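Descriptive structure summary
Residues per chain are reported as follows:
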Amino acid sequence: MLDALAAVAGRGDNMDDLHDFEALVHTVEELQAQLSAKEEQQNFLAEVIADKQKLCQQAKEQHEEKVRALARQARRQRSRKGGRGGALSAPGPVVSYENLLPPPVVREDEEEDEE
């Protein structure tokens, strides 16, 4: 009878080992599923980032083209006006420091001293 119990006990150890092995296999399968889900997420994010970078590059190129067009337009307008001076070289009253000062006051005493 002891031999039978030992045989059953021996089978029990084998059954426990088999059960543990099945649990490990199940855990590995779950981890592989999680890993593949994370890889899909990374691939998706990489695609989104690449799309956004492409959009940013296109926006940058459009902005640079607009700046070039505005610079061309400004050069054409300056050439039509006849030089780079533009409004600064337009004729008009000349304002200088002397024109901003009030006229000098001449005293009668000074006039007599000069004579």
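Residues numbered from 1 in each chain as written. Predicted model: local features only at pLDDT ≥ 70, side-chain atom pairs only at ≥ 80, totals over all residues. Heavy atoms only, no water.

**Points about the overall build of the protein**
Within the protein, the secondary structure is distributed over three helices and zero strands. In the protein, the succession of helices and strands from N to C terminus is α-α-α. Within the structure as shown, the protein displays about 11300 Å² of accessible surface, and the carbon and sulfur contribution to it stands at 57%. (Helix = DSSP H or I, 4+ residues; strand = E, 2+ residues; numbered from the N terminus. Areas by Shrake-Rupley, 256 points an atom, 1.4 Å probe, with all protein chains shown as cover.)

**Some points on a nonpolar patch on the surface**
On the surface, a cluster of nonpolar side chains totalling about 390 Å² of accessible area is made up of Met15, Leu18, Phe21 and Val25. Here Leu18 lies in helix H1 (residues 2-81). (Patch = residues over 30% accessible without salt bridge, like charges linked within 9 Å, V, L, I, M, F, W, Y side chains within 5 Å. Salt bridge = Lys/Arg side-chain N within 4 Å of Asp/Glu carboxyl O.)

**Some points on the confidence of the model for the protein**
Model confidence for the protein is summarised by a mean pLDDT of 80, while 63% of its residues fall at 70 or above. Averaged pLDDT values for the elements of the protein fall to 57 in helix H3 (residues 108-114) and rise to 89 in H1. (pLDDT = per-residue confidence, 0-100.)

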